[in-house]
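Tertiary structure, described
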Amino acid sequence: MESAPPIDPDLLDKVINLAKRRGFIFQSAEIYGGFRSTYDYGPLGVNMLRNVKQAWWRSMVQLRTDIVGIDAAILGPPAVWAASGHLETFTDPLVDCRKCKERWREDKIDGVCPNCGSTEFTEPRAFNLMFKTQAGPVEGEGATAYLRPETAQGMFTNFANVLSTVRKKPPFGIAQIGKSFRNEITPQNFVFRTREFEQMEMEYFVAPAEADHWYRYWIAARYEWYLGLGIPEAMLRLHEHAQEDLSHYSRGTTDVEFAYPWGWDELEGVANRGDYDLTQHSNASGTRLEYFDQAANERYTPYVIEPAAGATRAMMAFLLAAYHEDVVEGESRSVLKLDWRLAPYQVAVLPLSKKPELEGVSKEVLALVQPHFMCDYDVTQSIGRRYRRQDEVGTPWCVTVDFDSLEDRAVTVRDRDSTVQERVKIDDLLSSLRERTNER
Ligand code: GAP
């Protein structure tokens with residue numbers, strides 16, 4: 001097994017600190033002391049998270065003719081979760097420390113209480129991770145509802161709706177991005193494992209005989225997606241689950257793993273779910289969830305290949321991989337070397353000074369660029385400080401407007417990674433920026 005590349009032991013703290021200081025991720029309800037490992041995404045974080053989801057949607061839906069999207073409800077009736085197997089089996093082994101009474105997930109603590117060091121625990125019991133609530137004003141059995149613990153079931157319960165409305169045939173997929181909720185026993189490591197998180201999942205329905213081919217295809221495609229958005233190869237690997245570790249629905253699962261500061265861990269899972277889900281929902285609902293292949297005159301239940309990623313977890317991985325410290329012109333800086341598609345701002349328009357003469361042309365430049373790129377506009381502090389601030393949040397290009405701009409109708413474009421500056425005519429600015437997006 002390959003070892004994880006050497007990582008700065010303080011990397012996680014540095015990224016958490018940066019995320020808070022610069023408005024990526026805040027602790028939720030912080031003014032009340034925070035709330036149980038929930039997080040809010042701030043002005044920069046919301047841009048970046050949207051970019052992660054957009055990059056996924058673009059590769060999974062926009063650039064394909066075989067995959068369509070949906071946006072299903074978060075609340076669901078017990079029947080869905082009984083059929084999916086979650087009511088019975090979506091559990092983690094819960095133990096109590098006999099000494100300090102803290103509760104832990106047994107498979108995550110190696111027999112030693114992380115709180116007090118005791119090795120005495122209660123017998124493990126199955127703890128269901130789903131959040132239960134009630135729908136409507138009357139309590140009781142009929143009102144029970146669950147917050148979805150995965151987005152996947154919305155694709156299965158809508159299988160027949162999608163098939164009849166968009167006329168796809170296997171192999172075809174249904175994609176969804178949205179919030180999921182799990183009452184994790186031990187949420188940990190910032191936004192790596194939280195109780196409320198966002199998933200990006202796609203269920204790809206295929207003829208059973210082709211399932212293995214598509215399983216391998218999606219493992220490779222998903223690995224490439226992270227590489228293509230700038231995660232170095234040395235920080236990614238594939239890990240195939242042993243048969244005995246598979247989820248209740250899976251015939252095979254391979255994780256795309258990332259080298260987190262604590263070691264290799266899951267980034268995304270690609271599973272061959274077989275015909276488990278469609279069969280379960282067909283039996284439980286009485287609606288046949290099958291495909292009729294007219295050419296072969298044959299009816300069958302498609303197998304499902306599922307690449308299941310976390311949007312919030314992926315954002316964390318992109319931040320960790322992008323964080324660098326280097327020295328520029330004798331000054332140390334921290335820089336997020338984010339792919340331009342993921343950066344919270346792609347362009348910062350920076351008037352050299354606050355003098356009113358520069359405002360007109362600066363606003364003109366902003367108005368030119370803003371419809372095409374997410375822009376920041378900053379007139380505070382020295383230009384050097386402003387470059388550092390933009391480097392720190394990953395802005396790939398700073399466009400500086402100076403007094404010469406008034407005469408020559410040109411601006412300076414500074415590249416985040418190389419720090420090279422180039423004088424560009426305002427008339428050519430958009431095409432120059434567009435060229436730079438292709439270079440990366
Ligand atoms: N539909 C299959 C499924 O949900 P999973 O491996 O449990 O599979 C898929 O979840 C992905 O969702 C994970 O690889 C991870 O990126 C993300 N994820 C799962 N639980 C999470 C949590 N508690 N916090 C943040 N992300 C989570």
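Details of the structure are given in the entry above.
In this report, we go over the structure that sits alongside the text. (Residues numbered from 1 in each chain as written. Predicted model: local features only at pLDDT ≥ 70, side-chain atom pairs only at ≥ 80, totals over all residues. Heavy atoms only, no water.)

1. A closer look at the site of the ligand
Rule in force here: We call a residue near a given molecule or strand whenever any one of its heavy atoms falls within 4 Å of it. Definition of a polar contact: a pair of N or O atoms within 3.5 Å, with one able to donate and the other able to accept a hydrogen when the atoms are protein atoms, and with sequence-neighbouring residues admitted only if both atoms are side-chain atoms. Methods summary: accessible areas were calculated by the Shrake-Rupley approach with a probe of 1.4 Å, and residue burial reflects only the protein chains presented. Here a cavity denotes grid points, spaced 1 Å and computed from the protein atoms alone, that fit a 1.4 Å probe unable to get out, and a pocket denotes an open set having protein on both sides within 12 Å along at least 5 of 7 lines; residues with an atom within 4 Å of a point are the lining. For a molecule to be placed in a cavity or pocket, more than half of its atoms must lie within 2 Å of the grid points of that cavity or pocket. Think of it this way: any DSSP run of H or I at least four residues long counts as a helix, any run of E at least two long counts as a strand, and we number them from the N terminus. Residue type decides the class: Asp, Glu, Lys and Arg count as charged, Ala, Val, Leu, Ile, Met, Phe, Trp, Tyr, Cys and Pro as nonpolar, and the leftover types, Gly among them, as polar.
Around the ligand lies a shell of 21 residues, among which Glu 150, Glu 184, Thr 194, Glu 201 and Glu 266 are the nearest. One of the side-chain nitrogen or oxygen atoms of Arg 182 is found 2.8 Å away from an oxygen atom of the ligand. In the model, a nitrogen atom of the ligand is placed 3.4 Å from a nitrogen or oxygen of the Phe 192 main chain. Here the ligand, which alone exposes 560 Å², has 91% of that area covered by the protein. When each cavity is represented as a set of grid points, the ligand is found to reside in the largest pocket. At the level of secondary structure, the elements contributing two or more residues to the shell around the ligand comprise β11 (196-206), β14 (263-274) and β17 (303-310). Per-element tally for the shell around the ligand: the top contributor is β14, with five residues. For the shell around the ligand, a count of residues per class yields seven nonpolar, four polar and ten charged.

2. Notes on the sheet that holds β17
Keep this limit in mind: Here, any two strands with at least 2 DSSP bridges between them count as paired. Between the N-to-C directions of two axes lies an angle of 0 to 180 degrees, each axis being a line fitted to C-alpha atoms and, for a helix, fitted only over the stretch in contact.
Taken together, the seven strands give an open sheet; going across it, the order is β3-β10-β11-β17-β14-β13-β12, and neighbouring strands pair in mixed fashion. Since the sheet does not close on itself, it has two edges, and those belong to β3 (67-69) and β12 (236-240), each with one partner. Neighbour-to-neighbour, the strand axes of this sheet turn through a mean angle of 25 degrees, independent of strand direction. In this sheet, β17 lies alongside β11 in antiparallel orientation, the contact comprising six bridges. Note that in β17 the partner of Tyr 204 across the bridge is Ile 305.

3. A look at the environment of Trp 340
To keep it simple, the criterion reads: Three exposure classes are used, based on accessible area relative to the maximum for each residue type with a 1.4 Å probe and protein chains only: buried under 20%, partly exposed in between, and exposed over 50%.
Checked against the element boundaries, Trp 340 lands in the loop between β19 (331-336) and β20 (347-351). Judged by relative accessible area, which is 19%, Trp 340 ranks as buried. Between the alpha carbons of Trp 340 and Asn 51 there is a distance of 9.6 Å; along the sequence they are 289 residues apart.

4. Thoughts on the side chain of Arg 414
Let me state the cut-off plainly: Residue contacts are defined here by distance: any two heavy atoms, one from each residue, within 4.5 Å place the two residues in contact.
Locating Arg 414 in the fold gives a position in strand β23 (residues 410-415). Classification of Arg 414 as buried rests on a relative accessible area of 3%. A polar atom in the side chain of Arg 414 sits 3.0 Å from the side chain of Asp 391. In this structure, Arg 414 is in contact with Arg 333, Tyr 387, Arg 388, Asp 391, Pro 396, Trp 397, Cys 398, Thr 419, Val 420 and Gln 421, ignoring residues within four places of it in sequence.

5. Side note on the packing of helix α2 (residues 43-62) against helix α9 (residues 311-322)
This is how it is decided: Should an angle fall under 35 degrees it is called roughly parallel, over 145 degrees roughly antiparallel, and 65 to 115 degrees roughly perpendicular, with every other angle called oblique.
Remark: α2 packs on α9, axes separated minimally by 9 Å, with the N-to-C direction vectors making an angle of 105 degrees. In terms of axis orientation, α2 runs roughly perpendicular to α9. Only Ala 311, Thr 312, Ala 314, Met 315, Phe 318 and Leu 319 of α9 make contact with α2, whose side of the interface consists of Gly 45, Met 48, Leu 49, Val 52 and Lys 53. Residue classes in the contact of α2 with α9 are distributed as eight nonpolar, two polar and one charged.

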